[in-house]
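Each chain, letter by letter, is given below.
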Amino acid sequence: MLKRIDLGRNYRNHKEEYLKAIEAVCEETAFSGGRFADKFDEEFAAYLGVRAAAGVDNGTSALQLAMLALGVGEGDEVIVPANTYIASAWGPTYTGATPVFVDCTKDTWEIDPDRIEEKITEKTKAIIGVHLYGQPFEFGKVKEIAERHGLFIVEDCAQSHGAKYEGRMTGTLGDLGCFSFYPGKNLYAFGEGGSVVSDKEEYIDAINTWKNQGCKVTYYHDVVGYNMRMEGIQGAVLSVSLKYLDEWTRRRKEIGERYIREIKNPRITMQAHPANTEPVYHLFVIMVPEAEQFVEYMAGKGIECHRHYPVPCHLQKAYAHLGYREGDCPNAEYLAAHCVTLPLFPEMEEEEVEMVIEACNKYEG
Ligand SMILES: *Cc1c(COP(=O)(O)O)cnc(C)c1O
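Residues numbered from 1 in each chain as written. Predicted model: local features only at pLDDT ≥ 70, side-chain atom pairs only at ≥ 80, totals over all residues. Heavy atoms only, no water.

1. Comments concerning the sheet that holds strand E7 (residues 168-169)
The strands that make up a sheet are held in pairs by hydrogen bonds between backbone atoms, and each pair lies either parallel or antiparallel.
Here is step 1 of the chain: Ordered by their spatial adjacency, three strands build an open sheet running E7-E6-E13, and the pairing between neighbours is antiparallel. Looking at strand neighbours, the two that pair on one side only are E7 and strand E13 (277-278), the edges of this open sheet.
Here is step 2 of the chain: Of the strand pairs in this sheet, strand E6 (residues 164-165) and E7 are connected by two bridges, and their pairing is antiparallel. Opposite tyrosine 165, over in E7, you have arginine 168 as the bridge partner. (Pairing = 2+ DSSP bridges. Helix = DSSP H or I, 4+ residues; strand = E, 2+ residues; numbered from the N terminus.)

2. Some points on a nonpolar patch on the surface
Here is step 1 of the chain: On the surface, Val217, Tyr219 and Tyr220 cluster together into a nonpolar patch covering about 420 Å² of accessible area.
Here is step 2 of the chain: Tracing the backbone through its elements, the reader meets valine 217 in strand E10 (residues 215-217). (Patch = residues over 30% accessible without salt bridge, like charges linked within 9 Å, V, L, I, M, F, W, Y side chains within 5 Å. Areas by Shrake-Rupley, 256 points an atom, 1.4 Å probe, with all protein chains shown as cover. Salt bridge = Lys/Arg side-chain N within 4 Å of Asp/Glu carboxyl O.)

3. Describing the site of the ligand
Here is step 1 of the chain: Not every one of the 16 residues close to the ligand is listed here, only the nearest: Gly59, Thr60, Asp156, Ser180 and Lys185.
Here is step 2 of the chain: Within the side chain of aspartate 156, an N or O atom sits 2.8 Å from a nitrogen atom of the ligand.
Here is step 3 of the chain: Lysine 185 places a polar side-chain atom, nitrogen or oxygen, 2.7 Å from an oxygen atom of the ligand.
Here is step 4 of the chain: In isolation the ligand exposes 380 Å². Once the protein is present, 93% of that is buried.
Here is step 5 of the chain: Residue assignment for the shell around the ligand shows that the elements contributing at least two residues are helix H4 (59-69) and helix H5 (87-94). (Near = heavy atom within 4 Å. Polar contact = N/O pair within 3.5 Å; in protein donor to acceptor, adjacent residues only side chain to side chain.)

Structural data, given as structure tokens:
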């Protein structure tokens, strides 16, 4: 069975280097925060071309701390796309704010800038834009709206490491950028990890204090903090992987672009990739009329597919109290009912790519 994503191949390709990096952390017992986590912060900020990065324990914490840094809290509203992984909405929710869901466009499947303004009230504080599936959202239009209404923009870059919008790295466009290094993301830890990046160093300083039990100096707690530090081993592993990220991204693009060129089946619809963006193909999502049946068909051909995501955020049980109904975000709902994710990861062999293309082209419904 060809897996949707096979992390073991990457581990085996770089095993010695990874184990050496982990051993160095063990030798120094720099397990929580410390030198290796700090070093990765510097390297990651340099990679993005941003002033500062704060490594944290996961991408969900990154979003929560970004909200805190902007002063989002009780009584505030934050615009979030309906089509995203649920953690995009957890950030504002944890602070006591309310996520307000906006539909995606019919073609890019990213937040629809034309539907944002109708959701803005005097309580709206920020917009969380998500570069979903590794495809940058229409940042220019979102920024215009944010400026007109005095709102902050946080980019959820959990799926967009290295993706560019008009030549600029995602994560460096808005007020703050939030990354996840969950296993399977384009850049990932051997466990959990995340980062918040910004050109505004005061945000990153505040986040570094919150994540470290509210301390700048150990045992002196300036604010009520959290335990959200990055682990040393994760920093060391991420420093190894970061060196290969561009190479992995190139391979992802090759495979993604081949799918786009060679999958020709009228039953299959693909995401639009506007010319002013450079996507990084985190997930290759297609739409088919009968999604579950297609997943079974592909499994029969020895190809594992998943579905990202079968329920849009506004219809999740966790947010039932917000009172959304079916029909509130029709494009996101349609996508949720018809999406299927094809295998795509840098270590895929050419024959495997061809196998996926052929199976898609032979699908008759
Ligand atoms: C993975 C992901 C997150 C959460 O990151 P974790 O590290 O798993 O907490 C947030 N938003 C999006 C869009 C994601 O894909």
